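Residue-level structure breakdown
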Amino acid sequence: MILSVDHRTVYRYTLPVRGIVQSHRLTPSIFDGQKVLDWSVEVSDGQKGGGFRDGAGDWVQAWTVTGPVSEVIVSVRGKVETIDLTGLLRGHKETIPREAYLNATAPTEVDAALAELAAAAEGATDRLDAAHRLCAAVSEAINYEPGVTAAHTTAAEALALGEGVCQDHAHALIAIARRNDLPARYVSGYLHASGDGEPHEAAHAWAEVWIEGLGWIGFDPANGCCPDERYIRLGSGLDAQDAAPIRGISRGSAAEILDVTVAVQAVQQ
Amino acid sequence: MLSRTADNLYWIARYMERAETTARLLEVGARIALLPSSGHGYRSEWDSLLQASGTALGFAHKYGDPVQRNIESYMFFDRDNVSSVASCLFRARENARIVRTALTTQVWDAINTAYQELRELERKPRSELELSRLTEWTMRHSAMVRGAIDATLLRNDGWDFLNLGYHLERADNTARLMDVKYYVLLPRVEFVGSGLDNYQWTTLLRAMSAHRAFHWAYGGEVTARKIAHFLILNPQCPRSLISCAYGTNEHLHRLARGYGRSTEAQSMARNMLAELQDGTVEAVFDEGMHEFLTRFILETGRLGHLVHEAYLSGDVR
Amino acid sequence: MGEASALTTYFNEMYQSDTVRLPYARLEDWTRSMPAELRQMKQAEAESLFRRIGITFAVYGEGGDPDRLIPFDMFPRVFTNAEWTRLERGIKQRARALNAFLLDVYGRGEIVRAGRIPARLVYQNDAYEKAVAGIVPPKGVYSHIVGIDLVRTGPDEFFVLEDNCRTPSGVSYMLENREIMMRMFPELFRENRIEPVDRYPDLLRRTLASVAPPKCNSEPTIVILTPGHFNSAYYEHSFLADLMGVELVEGQDLFVEGEFVWMRTTEGPRKVDVIYRRIDDAYIDPLCFRPDSMLGVPGLMDVYRSGGVSICSAPGAGVADDKAVYTFVPEMIRFYLGEEPILQNVPTWQCAKADDCKYVLENLGELVVKEVHGSGGYGMLVGPKSTAEQIAGFADRIKADPGNYIAQPTLALSTVPTFVEQGIAPRHVDLRPYCLVGERIELVPGGLTRVALKEGSLVVNSSQGGGVKDTWVLAE
C-alpha cells in the first residue's frame, strides 16, 4: 500500500516570541514494513539544526526559528510504501536494550485498578498470547471517546474514566505490560482512515511490546489490532511525551495556540 | 564579555551610586529639619523627601507618620525599601558575588567589607547610631569602592559597563535631587529667593559635597540660576548633568571602538551631550526647571534602556 | 552519628605507638614550636583569608549569613611518594574502567551480555539515560572528572568508598587549602618537599579542550555551566572558571541556534564548544529531560547528540557511580582492562539479593547501611552506634524496600593529628582525589582530605561537622 501524508502544525503566539527550538521525530522509521518513497519536513523561517539517529533507531532532527516571530508552521509531506507484517517490527536497528523499557514513568504508573487489569495476562499460553490478552483488556476497559482526556492524563486516570483516545489506550497497555514484566513502549505515527466507518485518528499512537524470540511487536488497543499496512511508524519512547513527534519550546511569555491538520490517504495505483 | 556579566557590573555601579544618593538625601532631610519651622512644620519636609525618593507609599504602609527616626530606619536599613542604603549595598554585593572573577580582589574586598560592616551596623542598637555617622559611613565606603575600581581594574569593556552604570545613575540622581529641592521642598512660589530658599539650596550643595566648590566657582549669593548652571551645565562639577553626559559618552565611545560597532545608544548619548553643551541657564528656565529636569530624567532612562538593548540583554546579533 | 567504638584500634597516620611515621617526621617539631596563642592567631588568620577570598559555600533559606565556611584544619595530611604512586595507579585504573563501562553500556553492552553485571541493574537504573544510547562522546569519554572517595585502615590498606562520575565537587578546597597553607607557613614548604597541585586548573582546561566535539575545527571555546549563584558550590564554579580563564555561564546565557550552542555576549552570539556543566542531567535540557527545568538550555541535547557541542561529564555518566553498580567495579576492571584491581572495594552486601539481605538483617548491629541513591551521610544507619530501637526501625525500612539498601562493615578509618582546643588529637579522615580523563588520564598529587572534627566521629561530610585539611604528597 502506498500512503501519502500531509501533516501541518501551526503554532500561533498572542505576542511575538523571541525564538523557538524544536526537536522532531517526524521521519518514518526504517524497517521491513515501510519504505519511504519521498518525504519532507519544513519549518517556516526555520533553520535546520543537528540531526542524528538515536539509540531507539529514530531520526531526530533539531530546528530553530529566530524571533521575533508570531507564527510557525511545521509541514510534513511524503509518500510511504507499506506492507503488513502483522505488527512485527522486523529489520529495525536500535541499540537501547529492552530492559530500559521496563521502568514506569508518571503517565504509566500502575495503580490498583491497572494492577487488576494486568491480571488479564493470567493463564496465557505464552508471552505473545499474554500481550494479546492485555491489548484486548485495554480495548475493553477504555472506550474510544475524544475530548474527555488531555495530554497529561495518566493511564490510571483514563482507566478510571473508562474513556480516552489512542494515547490513553497506549499508556494503559504499556503500564500493564510492564507490570507483567514485558518491556513495552509508546509509538507515534500515522494511520490511514480506511473508510470502514470506524473513527480513527490520522495522527496516531500505539504500543510495542517486546516478545522474547520475536522482538518488538506493535499492538493498537484503540483499534483492537496489530499495526498493518495502514500504519506509518515514526518513533518510540517510554511514554507519549518521550515519543512525541514534535517537542518544542518558545522563548517569550506569549500564549500558544495550536492548530493541527493531518491527512493520510491511500495513493491510487 | 558575557552579557549577563556586563549587566552585573553595570548594576553594581548603579546600586553603589544609588546607595550614596539615598544617604545624601537623608542628609538633606536631616539638615532641613534642623531649620526652625517656617510655618509648615518639618514633618512635611520629611514627607517631601519620601515623595522625592518615590518611597512615600511604602513608608506610610509600614510606619505611618513620617517621624525622623523611622525615616532613617526606612531609608537606611529597611530591606523592604528597595532604595534603602542597605538594600542597595546588599544588591551591589550580590551582583559582585556573581561576577566575583570579573573584579579585582581590591574591588571585591571594598564591596564585601562594606557589606560585612553593614551587617554589624544592623546588629547595633539604633540609639547608638547617629544619622551623620551613617551617611558618612556610606560615602566613605562608596568612595572606597570607586577608588578600588579606578586604581585596580583592567581598562576593558567591563570597566566601561561599570562606569556607564555610575554615570547614568548619577545623572538621574542629580536631576532628581535638584527637582526635589526645586519642585517639592519649597512650599510656595513666593518663597523663591527667600532665606528658606537659599538655605535649602545650600543644604543641597552640602549634601552633594559641593558647597565649597560652588563658592570657589561662583562666589556671592546662592541663587537658583547659579546652582542650575553649576549642577547642570558646568563640566567642572563632578556631579553635574553635563559631567555625567561626558562620562557616558566617553565609555560608550570606547565600547563602540572596541567592538567596532556603534549603536543607537551612542547617537542618543551624543545628542544629549550636544544639547547640554549648547544649553544656557536661560533656556532651562524658559522651559521651566521642573519640566527640563523631568525631560532629562526620562531621556536618561531611555538611554539606559538603549544600553540594555545594545549590550546587556544578550539579544544582540 | 557514627562514632568509633572504644575497642577498635585505628591506624594513626602520624604516630605508631611512640614513633613518628616517616612522612610526618618534620611536622613533629613544627607542632611543638607552635604555642597555643600562635596557633589560635594563625587559625583566625586562615579563617579571615578564606572569608576575604570568598571561599565559602552558600546556604540559603536557613536565615543568617548565607555564606558559610567549611572549617579548615591547619595540620596537613601527608603521603609518601611511594604511597601516592600506588594510589595513583589504582585511581587511574578505576577511572579508565568506569569510562570503559559507560562507553560499553551505552553501546553494545558487552559486560551485560557476558553476564558479568545484571542487565536490570544497569538499564533500569534511574541514572541510565536512554537518550544517549548509541552516542559515542569525543575520545569515548563519559566521565571527565572522576572523584574517588578513599578511606584508609592501615599502612597499606586503602578502600574505595564510592566513585563520583558526574560532577564531584570540592576541588577548589584542595587548591585553596594549599594556597592558604603556603601563605601562612612558607617554612613548612621549604623544609618538606611537597608536590604542587596548582597545575590542576590547567590540566582541567586541557582535558576539556581535548574532548572538543567533531564539528569544532578551531581552538575550542570552553564554558562552565552553573545552576547560579544560589547554588552552594557557586564559589567553586566561579573559582575554576577564573583559574581556567573561561566564562562561567548560566542556562540563560546560552541558546541553541542551527547546529550549535551559543553564548550571549556584549558583542553578539559566540559559539560554545565544550560545556563543563555543574548541573544534573535532569535539568540540562527541558526539551529532552525535565520540561519544567529553568536552569538548562532548550535543545542542548540535540546539539550534543549531533556532535555540535561536548558536555562534561557526558549525560548518563551517573550510571557508573550508583552504589549498587559500585559493587561491580572490580569486575569492570577485570573485564575491560584484564587487570586485577589495585584498590579494593569495601565489601558490600546488596539487600536486593535475598542472601545478602538476610545476612544484613541478622548483623545490623555491626554494619553501616546506606541508601543506594543517598548522599551526604543522610539516610544511613551506623549499627555499632545505634540503639536497638533504631536498628529495629531500620530493619523495617530495609524489608519494605530491600533494593534501596546496601550494607558495609564499619570501617576503622585512619586518623590524622588535628588541632583541637587542647593541642592536637587524632581525628578520622577520608580522601577524595580528582582524576581527569580526556585524551590522557591525569591526576595531580593531592586531593581533598575531609576530617571528622568531632571526637570519635566517623562522618566527614561538611554538612555534618566535617572539616578539611591540606593534603601533601612528598617528592621523592
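Keep in mind that this is a model prediction, so the values were computed, not measured.

**Here we look at the overall build of chain C**
Looking only at helices and strands, chain C features 15 helices and 25 strands. What you see for chain C is a C-alpha radius of gyration of 23 Å, in line with the 23 Å of a compact globule of 476 residues. Over its C-alpha atoms, taken along the principal directions, chain C stretches across nearly 65 × 55 × 50 Å. Taken across its 476 residues, chain C has 50% of its residues classed as buried. Across chain C, the fraction of contacts at a sequence separation of at least 24, relative to all contacts at a separation of at least 6, is 70%.

**Notes on the interface of chain A and chain C**
In this assembly, 23 residues from chain A lie in contact with 25 residues from chain C. Put simply, the parts of the chain that give the side of chain A that touches chain C at least two residues each are β1 (2-24), β3 (46-53), β4 (59-82) and β11 (246-251) of chain A. No other element matches the five residues that β3 of chain A contributes to the side of chain A that touches chain C. Split into classes, the residues belonging to the side of chain A that touches chain C amount to nine nonpolar, eleven polar and three charged.

**Comments concerning the packing of helix α3 (residues 81-105) of chain C against helix α13 (residues 329-337) of chain C**
Residues and elements named next belong to chain C. In the contact formed by α3 and α13, the axes pass within 9 Å of each other and the chain directions differ by 80 degrees. Taken together, α3 and α13 sit at an angle that is classed as roughly perpendicular. Of the residues in α13, those in contact with Gln-93, Arg-94, Arg-96, Ala-97, Leu-98, Ala-100 and Phe-101 of α3 are Val-329, Met-332, Ile-333, Tyr-336 and Leu-337. For the contact of α3 with α13, the class distribution of residues is nine nonpolar, one polar and two charged.

**Structural notes on the nonpolar core**
If you look at the biggest cluster of nonpolar residues, it comprises 214 residues, and the most contacted ones within it are Leu-134 and Leu-173 of chain A. Sort the elements by how many residues they give to this core and α3 of chain C lands first, with ten residues. Excluding residues within four positions of it along the chain, Leu-134 of chain A makes contact with Ala-120, Ala-121, Leu-173, Ile-176, Ala-177 and Asn-180 of chain A. In this structure, Val-28, Met-178, Leu-252 and Met-289 of chain B belong to the second largest nonpolar core, which totals 85 residues.

**Some thoughts on the sheet that holds strand β10 (residues 254-257) of chain C**
All names here are of chain C. Spatial strand order, β10-β11-β12: three strands in an open sheet with antiparallel pairing. The open sheet is flanked by β10 and β12 (268-272), the only strands paired with a single partner. Neighbour to neighbour, the strand axes of the sheet diverge by 45 degrees on average, direction disregarded. Of the pairings in the sheet, the one linking β10 to strand β11 (residues 260-265) comprises four bridges and is antiparallel in character. From the neighbouring strand, Val-256 faces β11, where its bridge partner is Val-261.

**Looking at the sheet that holds strand β9 (residues 247-249) of chain C**
All names here are of chain C. With parallel pairing, four strands are arranged side by side in an open sheet as β9-β8-β13-β14. Of all strands in the sheet, those with a lone pairing partner are β9 and β14 (310-312), marking the two edges. The sheet shows a mean angle of 30 degrees between the axes of neighbouring strands, direction not considered. Across four bridges, strand β8 (residues 222-225) lies against strand β13 (residues 274-277) in parallel orientation. Across the sheet, Leu-225 pairs through a bridge with Arg-277, a residue of β13. Sitting on the sheet, helix α9 (residues 234-244) is in contact with β8 and β9, with an inclination near 150 degrees to β9.

**Brief notes about the domain arrangement of chain C**
Interface size, as often reported, equals the accessible area lost upon joining of the parts. Residues and elements named next belong to chain C. The domain architecture assigned to chain C consists of domain 1 (15-346 + 411-473) and domain 2 (348-410). The C-alpha centroid of domain 2 is placed 27 Å from the C-alpha centroid of domain 1. In terms of residues, the side of domain 1 that touches domain 2 owes the most to one element, helix α12 (residues 323-326), which gives three residues. Tallied by class, residues from the side of domain 1 that touches domain 2 come to five nonpolar, five polar and two charged.

**Some thoughts on the pairing of strand β25 (residues 466-473) of chain C**
Residue and element names in this part refer to chain C. With eight of its eight residues buried, β25 lies for the most part within the structure. The pairing of strand β5 (residues 72-79) with β25 spans five bridges and is classified as parallel. Looking at β25, one finds that Arg-77 is bridged to Thr-471. Both strand β24 (residues 448-452) and β25 contribute to a ladder of four bridges, which runs antiparallel. Across the sheet, residue Ala-452 finds its bridge partner in β25, namely Gly-466.

**Details of the pairing of strand β22 (residues 434-437) of chain C**
All names here are of chain C. Neither face of β22 is left uncovered, since the one carrying Tyr-434 and Leu-436 and the one carrying Cys-435 and Val-437 both have all their residues buried. Here β22 runs beside strand β23 (residues 441-443); their pairing, made up of three bridges, is antiparallel. Note that in β23 the partner of Val-437 across the bridge is Ile-441. In textbook terms, the turn of a hairpin is the stretch between consecutive antiparallel strands, and for β22 and β23 this stretch comprises three residues.

**Some thoughts on the domain arrangement of chain A**
Residues and elements named next belong to chain A. The assigned domain composition of chain A is domain 1 (2-81 + 246-266) and domain 2 (85-237). For domain 1 and domain 2, the distance between their C-alpha centres works out to 24 Å. The interface of domain 1 with domain 2 comprises 24 residues on the first partner and 19 residues on the second. At the level of elements, β1 and β12 (256-266) are the ones that each hand at least two residues to the side of domain 1 that touches domain 2.

**A word on the packing of helix α6 (residues 105-123) of chain B against helix α7 (residues 131-152) of chain B**
All names here are of chain B. Where α6 contacts α7, the axes come no closer than 8 Å and their chain directions differ by 170 degrees. Here α7 runs roughly antiparallel to α6, going by the angle between their axes. Along its contact with α6, which presents Gln-106, Val-107, Ala-110, Ile-111 and Ala-114, the element α7 presents His-141, Met-144, Val-145, Ala-148, Ile-149 and Thr-152. Among the residues forming the contact of α6 with α7, the class breakdown is eight nonpolar, three polar and no charged.

**Overview of helix α13 (residues 264-278) of chain B**
Residues and elements named next belong to chain B. Here α13 is 15 residues long and its end C-alpha atoms lie 21 Å apart, about the 21 Å a rise of 1.5 Å per residue gives. Turning to α13, its buried residues are Ala-265, Gln-266, Ala-269, Met-272 and Leu-276. End-on, the buried residues of α13 take up no more than an arc of 130 degrees, which puts them together on one face. The exposed set on the far side of α13, more than 90 degrees from its buried face, consists of Ser-267, Ala-274 and Asp-278. Looking at the buried positions of α13, the neighbouring elements they touch are α11 (224-233), α12 (241-259) and α15 (289-312).

**Concerning the environment of Arg-290 of chain C**
As for its placement among the helices and strands, Arg-290 of chain C is situated in the loop between α10 (281-284) and α11 (300-305). The residues contacting Arg-290 of chain C, other than those within four sequence positions of it, are Ala-282 and Tyr-283 of chain C.

Calculation notes
- Residues numbered from 1 in each chain as written.
- Chains lettered and ligands numbered in written order.
- Predicted model: local features only at pLDDT ≥ 70, side-chain atom pairs only at ≥ 80, totals over all residues.
- Helix = DSSP H or I, 4+ residues; strand = E, 2+ residues; numbered from the N terminus.
- Rg over C-alpha atoms; globule rule 2.2 N^0.38 Å.
- Buried ≥ 20, exposed ≤ 12 C-beta atoms within 10 Å, placed from the backbone.
- Contact = placed C-beta atoms within 7 Å.
- Nonpolar A, V, L, I, M, F, W, Y, C, P; charged D, E, K, R; others polar.
- Axes fitted to C-alpha atoms, helices over the stretch in contact; angles between N-to-C directions.
- Parallel < 35°, antiparallel > 145°, perpendicular 65-115°, else oblique.
- Core = buried A, V, L, I, M, F, W, Y, C linked by C-beta atoms within 7 Å.
- Pairing = 2+ DSSP bridges.
- Domains from an automatic or database assignment.
- Expected span 1.5 Å × (residues − 1).
- Arc of directions from axis to C-beta.

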